[in-house]
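Read off the chains here:
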Amino acid sequence: MSTYHPLSEAQAIEYARQIPDLFQPGAELASHEIGDGNLNLVFRISEKASGKSIILKQALPYAKVVGESWPLTLDRARIESEALLIQEGLVPDLVPHVYAYDANLALTVMEDLSDHVIMRKGLIERNQYPLFAEHIGRFLANTLFFTSDLGKNQQEKKIQQGRFINPELCKITEDLIFDDPYRDAETNNIEAQIRDAAEQLWTDSELHFEVAILRQKFLTNAQALLHGDLHTGSIFIKPDSTKVIDPEFAYYGPMGFDIGAVLANLILNFAGQEGWSLDHESRQAYRAYLLQTVKDVWTHFEANFRALWNEHGVDRVFQTPGYQDYFLKNLLQDTAGFTGAKMVRRIVGLAHVADIDKIEDSAARERAQRLALAIGTSFIRTNRQVASIDELIAIVTKESAVERGFVL
């Protein structure tokens with residue numbers, strides 16, 4: 001297996017047998033290809049007798065969602081593996097363990113998380129996760145602080161940054177989030193019932209101005225090593241455990257992009273309650289839970305980040321009184337803008353979210369889509385004036401108020 005080729009299930013089993021100290025010699029192994037993402041093959045290899053199992057994730061040389069007409073670098077498998085190892089060193093309880101990486105096959109072997117569920121599915125089922133905000137706040141604080149100039153030797157950071165340039169996957173983000181939704185792009189996926197709203201995006205020069213500022217930050221502001229695609233489909237969860245997966249989009253960029261991705265997906269589910277909540281009371285209750293989680297994610301992140309800065313800050317100049325407050329204020333504003341941009345692209349861009357797309361009732365789905373666009377564009381427009389997380393919560397509440405035609 002020295003030359004790259006996509007594995008079959010039988011080949012995945014034989015590969016798994018070669019990994020030391022995992023399965024018994026001659027054990028009966030089963031393989032299931034479980035990948036439902038856009039870019040990879042994912043095999044679950046299990047041993048019937050012991051119940052032990054692992055995941056083999058193999059990068060494909062093209063975007064699975066489109067096909068061979070959209071080629072992609074296999075180096076993203078290395079980037080994902082290295083990012084997971086860095087994250088495991090910082091928050092070992094919040095990422096899957098990596099057993100092995102095979103550069104020839106663009107293959108990562110990692111812990112199986114089948115006892116967890118994908119968070120997006122859990123939210124659609126209207127489950128609540130009381131530890132999530134603390135877990136993801138700590139994940140964000142540790143991974144962003146200790147890979148930044150605040151918490152890492154700055155020369156070592158520059159060397160590490162070179163290993164995570166990731167131009168091809170960054171190009172996907174640059175186009176699909178910060179360009180295509182604001183023009184009549186062929187890649188856009190727009191339902192006819194909200195075509196009018198999409199067309200308004202294309203001619204809104206004030207909105208484009210704010211998006212240009214956010215795009216420039218994404219392109220140039222190499223603050224920390226980002227996960228790069230931190231949505232609720234990249235989080236495995238159960239009530240007492242949170243595991244962040246799939247950092248193949250990892251690169252050095254603006255911290256607010258990762259935080260905003262988490263908040264955006266919570267708020268997209270908030271909008272999706274137009275179709276998932278069966279009555280006004282249940283909708284109101286679950287939306288209150290989601291908004292509290294949005295607030296708690298930022299609150300836990302900020303508290304952890306400040307504590308790390310105070311204890312582990314590596315730069316004397318960054319200890320100047322007032323600078324920490326200045327930095328966090330700007331970071332919240334970036335987070336607001338990136339939250340909005342991530343929401344907009346999930347309604348009119350190429351790849352949507354099941355929280356809204358899977359709503360069967362077309363009228364409820366349209367209400368959810370328009371609500372998500374209203375919240376997202378409002379975040380983008382106001383991001384440079386935001387002073388507290390409560391202001392973002394107020395925007396969501398305002399845009400979903402009864403006078404707009406929606407029910408909380």
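Computed from a predicted model, the values in this text were never measured in an experiment. (Residues numbered from 1 in each chain as written. Predicted model: local features only at pLDDT ≥ 70, side-chain atom pairs only at ≥ 80, totals over all residues. Heavy atoms only, no water.)

K.L.:
Help me out: how do you make sense of the nonpolar core in this one?
P.N.:
Where a protein is soluble and globular, its nonpolar side chains tend to be buried together. If you look at the biggest cluster of nonpolar residues, it comprises 92 residues, and the most contacted ones within it are Phe132, Leu140, Phe301 and Phe305. Counting residues per element, this core draws most heavily on helix H9 (residues 255-276), at 12 residues. Contact partners of Phe305, with chain neighbours within four places excluded, come to Ala141, Leu144, Phe145, Leu150, Met255, Phe327 and Leu328. Of all hydrophobic cores here, the second largest spans 19 residues; its members include Ile13, Ala27, Leu60 and Leu105. (Core = buried A, V, L, I, M, F, W, Y, C linked by side-chain atoms within 4.5 Å. Buried < 20%, exposed > 50% of the residue type's maximum accessible area, 1.4 Å probe, protein only. Helix = DSSP H or I, 4+ residues; strand = E, 2+ residues; numbered from the N terminus. Contact = heavy atoms within 4.5 Å.)

K.L.:
Is there a simple way to explain the UniProt feature "binding site: substrate" (unreviewed entry) in the protein in this structure?
P.N.:
In the numbering adopted here, UniProt assigns the feature "binding site: substrate" (unreviewed entry) to Asp229 and Arg345. The named residues occupy 117 residues along the chain; their greatest pairwise C-alpha distance, 13.0 Å, places them in one compact cluster. Counting through the fold element by element, Asp229 comes out in the loop between strand S9 (224-226) and strand S10 (235-238). With relative accessibility at 16%, the residue Asp229 sits in the buried group. Setting aside residues up to four positions removed in sequence, Asp229 forms contacts with Ser234, Phe249, Asp258, Lys342 and Arg346. Relative to the helices and strands, Arg345 is located in helix H11 (residues 323-348). With residues near it in sequence (within four places) discarded, Arg345 still touches Leu176, Ile177, Pro181, Leu350 and Ala351. (UniProt positions renumbered as here; feature names shortened; annotations may be inferred.)

K.L.:
Any chance you could explain unusual backbone geometry here in plain terms?
P.N.:
Apart from glycine, the bulk of residues carry a negative phi angle, and the bulk of peptide bonds sit in the trans form. A positive phi angle, close to 50°, is found at Ala106, a residue other than glycine. By the element assignment, Ala106 lies in the loop between strand S6 (98-102) and strand S7 (107-111). In this structure, Asp246 is a non-glycine residue whose phi angle is positive, near 60°. On the secondary structure map, Asp246 appears in the loop between strand S11 (241-244) and strand S12 (251-253).

K.L.:
So what exactly am I meant to see when it comes to the side chain of Gln160 here?
P.N.:
With respect to the helices and strands, the residue Gln160 is situated in helix H5 (residues 154-162). A polar side-chain atom of Gln160 sits 2.8 Å from a polar atom in the side chain of Tyr252. The residues touching Gln160, leaving out its near neighbours within four places in the chain, are Ile86, Thr147, Lys152, Leu225 and Tyr252. (Polar contact = N/O pair within 3.5 Å; in protein donor to acceptor, adjacent residues only side chain to side chain.)

K.L.:
Would you take a moment to explain the sheet that holds strand S8 (residues 117-118) for this structure?
P.N.:
For sheets, the rule is that strands pair by backbone hydrogen bonds, running either parallel or antiparallel. Reading across the sheet, the 3 strands line up as S8-S10-S11 and stay open at both edges, with antiparallel pairing between neighbours. Each edge of the open sheet carries a strand with a single partner, namely S8 and S11. Inspection of the sheet shows S8 paired to S10 by 2 bridges, in the antiparallel sense. Of the residues in S10, the one forming a bridge with Ile118 is Phe236. Across the sheet, helix H4 (residues 132-145) touches S10 and S11, and the angle it forms with S11 is around 35°. (Pairing = 2+ DSSP bridges. Axes fitted to C-alpha atoms, helices over the stretch in contact; angles between N-to-C directions.)

K.L.:
Even after reading the chapter, I still don't get the UniProt feature "binding site: ATP" (unreviewed entry) in the protein, so can you show me in this structure?
P.N.:
Cross-referencing UniProt, the feature "binding site: ATP" (unreviewed entry) maps to Asn40, Lys57, Glu111, Asp112, Leu113, Asp246, Pro247 and Glu248 in the present numbering. Residues from the annotated list that form part of the lining of the largest cavity: Asn40, Lys57 and Glu248. Here Pro247 shows up in the loop between S11 and S12. We classify Pro247 as buried; its relative accessible area is 0%. When neighbours within four sequence positions are excluded, Pro247 is seen to be in contact with Ile79, Glu80, Ala83, Leu84, Gln87 and His227. Tracing the chain through its elements places Glu248 in the loop between S11 and S12. Each residue touching Glu248, except ones within four places of it in the same chain, is listed here: Leu39, Asn40, Lys57, Arg76, Ile79, Glu80, Asn166 and Leu169. At a separation of 2.9 Å, a polar atom in the side chain of Glu248 contacts the side chain of Asn40. (1 Å grid on protein atoms, 1.4 Å probe; cavity = no way out; pocket = protein on both sides within 12 Å on 5 of 7 lines; lining within 4 Å.)

K.L.:
It is not clear to me how the pattern of salt bridges should be interpreted in this structure. Could you clarify?
P.N.:
Between side chains of opposite charge, a pair can form when the charged atoms approach closely. Applying the stated criterion across every chain yields a total of 31 salt bridges. Here Asp355 makes a salt bridge to Arg120, at a shortest N to O gap of 2.7 Å. With Asp355 in helix H12 (residues 354-357) and Arg120 in helix H3 (residues 119-124), the pair connects residues that are 235 residues apart, well separated along the chain. Judged by its relative accessible area of 0%, Asp355 is buried. Where Glu134 meets Arg138, a salt bridge forms, and the shortest distance between an N and an O atom there is 3.0 Å. In this pair, Glu134 and Arg138 are both assigned in helix H4, 4 residues apart and thus about one turn of the helix distant. Judged by relative accessible area, which is 27%, Glu134 ranks as partly exposed. When salt bridges with common partners are traced through the structure, they connect Lys57, Arg76, Glu80, Asp246 and Glu248 into a single cluster. (Salt bridge = Lys/Arg side-chain N within 4 Å of Asp/Glu carboxyl O.)

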